[in-house]
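A look at the structure
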Amino acid sequence: MAHITDERIPNNVNLSEDKRLQRALEQWQPNFLQWWMEMGPAGFQANQVYLRTAISVDSDGWAHYDFVKMPEYRWGIFLAEPVAERKIGFGDPIGQPVWQDVPGEHRNTLQRLIVTQGDTEPASVEQQRMLGHTCPSMYDLRNLFQVNVEEGRHLWAMVYLLQRFFGREGREEAEELLMRRSGNQDRPRILGAFNEPIDDWLSFYMFTMFTDRDGKYQLLALAESGFDPLSRTTRFMLTEEAHHMFVGETGIGRVVQRSAELTRQSENGDARELGGIDLATIQKYLNLWYSLSLDLFGSEVSTNAASFFGAGLKGRAKEDKYPDHRAVEAVYPMELPRPDGTLKPEEVPLRSAMNEVLRDGYVEDCQRGVDRWNKTLAEVGLSERLALPSRRFHRHQGVFAGLAFDPQGRLISKEEWELRRDQWLPSAADRTYVKSLQAKAITKPGEMAHWIAAPPRGVNNKPLDFVYLRAEA
Ligand SMILES: [Fe+2]
Ligand SMILES: [Fe+2]
């Protein structure tokens, strides 16, 4: 059995002095590696990849770039530095010192929150495992693997919390995290979007733009938690998460740019004619991944959300910016559907609306990305624009699930939905087309697939034609 040392697992949790935790991790590590080899990136495991590794929590010196084989990546455990005398910032226990251990009455709830977050990390690696074989460039291939190893590290971060604070049950949950499989009928991952296939690069960029961004907001809410180890763990995860969203936003931006250029070049204004991805198709993928990601926030009206907030377990993103941290008397105005689907304005007690409050910040954040892509379209001289669909569109969770709305948020019949679905979401033909552009991997340094623009610069100030992947050595 591999022995776990600070050298093999960079950490700032005194791993070498915590024998019980060391033993638990020693048992778990071989199973993790086995999972990685089975369900991690298909191929490329023997290549040397230019990757960043978290080696500390200093804001300027936390990341180290070097060539490493993925199975030898140093998955580490890092908590952001403790805030001295930190107090709980919201809910009923507001003002009390934060908890360094799990309060008995919140044990089950906290464990559930951590398991649900933890489950998304390996799920995304599983979803993306075949993408290496169709990459649009070596730069993108390297970014995919960077995202994958860091999701692996986020799994370690959640497993640390489970093993350190939740006893035998926590250790069992840590094993379960390696046993569920994205998209598997019998043992699926916990949340819907994490069971969807990501088998082309447009989906990958959409996922890292929209679904990783849900992750950002969940992590921001958990970073407020009164359970201090959870707060500190998620705060550090956010630093890595920023890169995943960068990959998504700039990836889509590059597809949009190329699409716009080809649209201009084509006599019929059709990017597909010249081997690009047309804007209509990009919009459909956006509609799909945005709506799947909105579902991850949970129901608009939620007693769970109310109790998480009331108990001081899960706050709002950047809780500091709100004037009232108890949220006992305030209400949140919402339009909720009547049984016939028509909307009626209602006032929901604020604590019950916390999922929607978190979703508000997310929607704004997504809009900023869309605005940047639209700027590109304007610069190339096109009048078409991309847009986020209504929050009611294509929902499977919450009060709008089971009803049909068009992208503008107008209630429509199920029949109309069926008729027009392929105008709004990727059709089988769209998927086939996108995949046809990505039939093989482009891995010559500096070369780009035809359907995507080159990024303005390489990784970590390296040139774009830097050899980010080396043959095994
Ligand atoms: Fe993550
Ligand atoms: Fe991520």
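Summarised in this report is the structure supplied together with it. (Residues numbered from 1 in each chain as written. Chains lettered and ligands numbered in written order. Predicted model: local features only at pLDDT ≥ 70, side-chain atom pairs only at ≥ 80, totals over all residues. Heavy atoms only, no water.)

With that out of the way, let us pick up the overall build of the chain. Helix and strand content of the chain: 11 helices and seven strands. For 473 residues, the compact-globule estimate of 2.2 N^0.38 gives 23 Å, and the C-alpha radius of gyration of the chain, at 23 Å, lies within 12% of that figure. Expressed along its principal axes, the backbone C-alpha trace of the chain runs to roughly 70 × 65 × 40 Å. Every one of the 473 residues in the chain was classed for burial, and the buried ones make up 58%. Of the contacts formed within the chain by residues at least 6 apart in sequence, a portion of 72% connects residues at least 24 apart. Of the roughly 19800 Å² that the chain leaves accessible, carbon and sulfur atoms contribute 48%. Across the chain, 57 positive and 68 negative side-chain charges occur, with their mean positions spaced 1 Å apart. (Helix = DSSP H or I, 4+ residues; strand = E, 2+ residues; numbered from the N terminus. Rg over C-alpha atoms; globule rule 2.2 N^0.38 Å. Buried < 20%, exposed > 50% of the residue type's maximum accessible area, 1.4 Å probe, protein only. Contact = heavy atoms within 4.5 Å. Areas by Shrake-Rupley, 256 points an atom, 1.4 Å probe, with all protein chains shown as cover. Lys, Arg positive; Asp, Glu negative; His and termini not counted. Charge placed at Lys NZ, Arg CZ, Asp CG, Glu CD.)

Bound to the iron ion (ligand 1) on the protein side are Glu121 (OE), Glu151 (OE) and His154 (ND1), at distances that span 2.1 to 2.2 Å. Donor residues binding the iron ion (ligand 1) come from one chain and are separated in sequence as E-x29-E-x2-H. The distance between the iron ion (ligand 1) and the iron ion (ligand 2) is 3.5 Å, with Glu151 acting as a donor to both metals. Placement of the pair is Glu121 in helix 2 (residues 107-127) and Glu151 in helix 3 (residues 138-165), with a sequence separation of 30 residues. Overall, the relative accessible area of 3% leaves Glu121 in the buried class. (Donors = N, O, S within 2.8 Å, 3.2 Å for Na, K, Ca; no water.)

Taken together, the protein donors to the iron ion (ligand 2) comprise Glu151 (OE), Asp212 (OD), Glu241 (OE) and His244 (ND1), at separations of 1.8 to 2.2 Å. Angles of 85 to 169° at the metal separate the four donor atoms of the iron ion (ligand 2), which places the site in the irregular class. All donors of the iron ion (ligand 2) come from a single chain, and their spacing in sequence reads E-x60-D-x28-E-x2-H. (Tetrahedral: all angles 85-135°; square planar, octahedral: opposite > 155°, others 65-115°.)

Turning next to the packing of aromatic side chains. On inspection of all chains with the given rule, the structure shows 34 aromatic pairs. Geometrically, the ring pair formed by Trp28 and Trp156 is edge-to-face, given 5.0 Å between the ring centres and 90° between the ring planes. One end of the pair, Trp28, is in helix 1 (residues 19-39); the other, Trp156, is in helix 3, and 128 residues separate them in sequence. Each ring, one from Tyr139 and one from Tyr468, has its centre 6.4 Å from the other, and the planes form 70°; the classification is edge-to-face. With a gap of 329 residues between them, Tyr139 in helix 3 and Tyr468 in the loop between helix 11 (428-437) and strand 7 (469-470) connect regions that are remote in the sequence. Comparing Tyr139 with Tyr468, the two get one shared label, buried. Members of the aromatic cluster, each reached through a chain of ring pairs, are Trp28, Phe32, Trp35, Trp36, Tyr73, Trp75 and Trp156. Positioned over the ring face of Phe165 is Arg164, at 4.5 Å from the centre of the ring. (Phe/Tyr/Trp six-rings, centres within 6.5 Å; stacked < 30°, edge-to-face > 60°. Lys NZ or Arg CZ within 6 Å of the ring centre and 35° of its normal.)

The next point concerns the pattern of salt bridges. As a working rule, side chains carrying opposite charge can pair if their charged atoms are close by. Counted by the stated rule, this structure contains 34 salt bridges. Residues Glu249 and Arg372 are paired through a salt bridge, measuring 2.5 Å at the closest nitrogen-oxygen approach. With Glu249 in helix 6 (residues 228-265) and Arg372 in helix 9 (residues 354-380), this residue pair connects regions lying 123 residues apart in the sequence. By relative accessible area, which is 16% here, Glu249 ends up buried. Judged by its relative accessible area of 45%, Arg372 is partly exposed. Put simply, Glu416 and Arg420 hold a salt bridge, and the shortest N to O gap is 3.0 Å. Taken together, the positions of Glu416 and Arg420, both in helix 10 (residues 414-424) and four residues apart, correspond to about one turn of that helix. Overlapping salt bridges bring together Asp295, Glu300, Glu356, Arg359, Asp360, Arg391 and Arg395 as one network. (Salt bridge = Lys/Arg side-chain N within 4 Å of Asp/Glu carboxyl O.)

This part takes up unusual backbone geometry. For Ala327, which is not a glycine, the phi torsion comes out positive at approximately 55°. Mapped onto the secondary structure, Ala327 falls in the loop between helix 8 (303-310) and strand 3 (331-337). Relative accessible area serves as the criterion here: at 1%, Ala327 is assigned to the buried category. Of note, Asn460 is a non-glycine position whose phi angle comes to about 55°, a positive value. Following the sequence through the fold, Asn460 ends up in the loop between helix 11 and strand 7.

Let us now look at helix 8. For helix 8, the complete set of buried residues consists of Ala305, Ala306, Phe308, Phe309 and Gly310. Check the buried side of helix 8 and you find it contacts helix 2 and helix 9. The N-terminus of helix 8 is capped by Ser302, whose side-chain oxygen sits 3.3 Å from the backbone nitrogen of Asn304. (Polar contact = N/O pair within 3.5 Å; in protein donor to acceptor, adjacent residues only side chain to side chain.)

This part takes up the environment of Glu240. Structurally, the position occupied by Glu240 is in helix 6. When the C-alpha positions of Glu240 and His396 are compared, they lie 29 Å apart, and in sequence the two are 156 residues distant.

Close contact between helix 3 and helix 5 (residues 201-223) brings their axes to 12 Å; oriented N to C, the two are set at 45°. As summarised for this structure, helix 3 and helix 5 are arranged oblique, according to the angle between their axes. For the pair helix 3 and helix 5, the crossing hand works out as left-handed. Where helix 3 abuts helix 5, its residues Asp140, Leu141, Leu144, Val147 and Glu151 lie against Trp201, Phe204, Tyr205, Thr208 and Asp212. Broken down by class, the residue content of the contact of helix 3 with helix 5 amounts to six nonpolar, one polar and three charged. (Axes fitted to C-alpha atoms, helices over the stretch in contact; angles between N-to-C directions. Parallel < 35°, antiparallel > 145°, perpendicular 65-115°, else oblique. Left-handed = near helix turned anticlockwise from the far one by under 90°. Nonpolar A, V, L, I, M, F, W, Y, C, P; charged D, E, K, R; others polar.)

Time to look at the side chain of Gln163. With respect to the helices, strands and loops of the structure, Gln163 is situated in helix 3. The class for Gln163 is buried, based on a relative accessible area of 7%. Only 3.4 Å separates the side chain of Gln163 from the backbone nitrogen of Leu25, close enough to count as a polar contact. When sequence neighbours within four positions are dropped, the list of residues in contact with Gln163 reads Leu21, Ala24, Leu25, Trp28, Arg171 and Ala174.

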